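The residues making up each chain are set out below.
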Amino acid sequence: MDLGLRGSAVLLAGGTRGIGRATARLLGEEGARVALIGRDPAALDAAARDVRSHGGEASALRADLTDPAQAARAVEDAARALGTFDAVIHAVGRGFRGAFLETDEATWREAFDLDLFSAVRLARLGVPQLSRGGRIVFVGAASARQPHLNQSPSNAAKAALANLTRSLADELAPAIVVNCVAPGRVLSERRRQRLEEDARRKGISIEAAVQEDSAPIALGRLGDPAEVAAMVVFLASPRASYITGQSILVDGGLVRAV
């Protein structure tokens, strides 16, 4: 299916690793013009080359979205590079692990700064630059619906992001649609590193650690970043024009809630 993204202007924050990097690549395949925001210059340049090699256009903008001044400058630079945005995608975030009583307030603040407030900031800056009919897509987590054990800060921040999605969808309609993709357990570089650490700690093979991690998933395996990216790119396209306010699980059947 042609998603109608050829020549579209897409602002993508967090497009350098994992799901974000897979999203950047798919946007390139669809022929989009992409402004990438990230913190690592080398990873940004590599992601931009990836977009171009797959048929799209890309500019790389170094910024930390937890810093208001850097975020504002990056969005201004993106608007100069792209003109009016057709879609804004926020794929920034990570898990914060630890037992509740062992997790200090600084970690809670870091989790919300990264997983929630950077999304709020990008939306506030991006909405004035979005065309009518534009799309906002947040990448959240299945833990917003079914919390993970010993991961309270991330669970709470991702649940807030899902609520933000619904709130913005109502407030910005009908001009802009807003949705969230909620991935489950995806074998990103970060998750593989964590599984390698778990395997060493437990004295088991990495294969056994992956099997253990996959056990609660109905499809019996971890997801691939590209499988989540496909939903992100679809929701960022004109083909998703009648979907708004949704947090869509891409989790292989991990979440059992209706």
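In case you missed it, the structure is sitting above this.
Residues numbered from 1 in each chain as written. Predicted model: local features only at pLDDT ≥ 70, side-chain atom pairs only at ≥ 80, totals over all residues. Heavy atoms only, no water.

Colleague: Give a detailed account of helix H7 (residues 206-214), specifying residues and quantitative values.
Modeller: Taken as a whole, H7 has its buried residues at Ala209, Asp213 and Ser214. Projected onto a plane normal to the axis of H7, the buried residues spread over an arc of 135 degrees and lie on a single side. Exposed residues on H7 whose side chains face more than 90 degrees from its buried face are Glu207 and Gln211. Close packing links the buried residues of H7 with helix H6 (189-202). (Buried < 20%, exposed > 50% of the residue type's maximum accessible area, 1.4 Å probe, protein only. Helix = DSSP H or I, 4+ residues; strand = E, 2+ residues; numbered from the N terminus. Arc of directions from axis to C-beta. Contact = heavy atoms within 4.5 Å.)

Colleague: Tell me what's going on with the packing of aromatic side chains, and back it up with residues and numbers.
Modeller: This model, assessed by the stated rule, comprises 2 aromatic pairs. Their ring planes at 85 degrees and their centres at 6.3 Å tell us that Phe100 and Trp108 sit as a pair that is edge-to-face. Accessibility expressed as a relative area gives 53% for Phe100, which makes it exposed. On the numbers, 6.4 Å between centres and 20 degrees between planes, the contact of Trp108 with Phe112 is stacked. On the criterion of helical spacing, the pair formed by Trp108 and Phe112 is a turn pair, its members being 4 residues apart in helix H4 (residues 105-126). Overall, the relative accessible area of 23% leaves Trp108 in the partly exposed class. The rings of Phe100, Trp108 and Phe112 are connected pair by pair, giving a single aromatic cluster. Directly above the ring of Phe96 sits Arg94, whose terminal nitrogen or CZ lies 3.9 Å from the centroid. (Phe/Tyr/Trp six-rings, centres within 6.5 Å; stacked < 30°, edge-to-face > 60°. Lys NZ or Arg CZ within 6 Å of the ring centre and 35° of its normal.)

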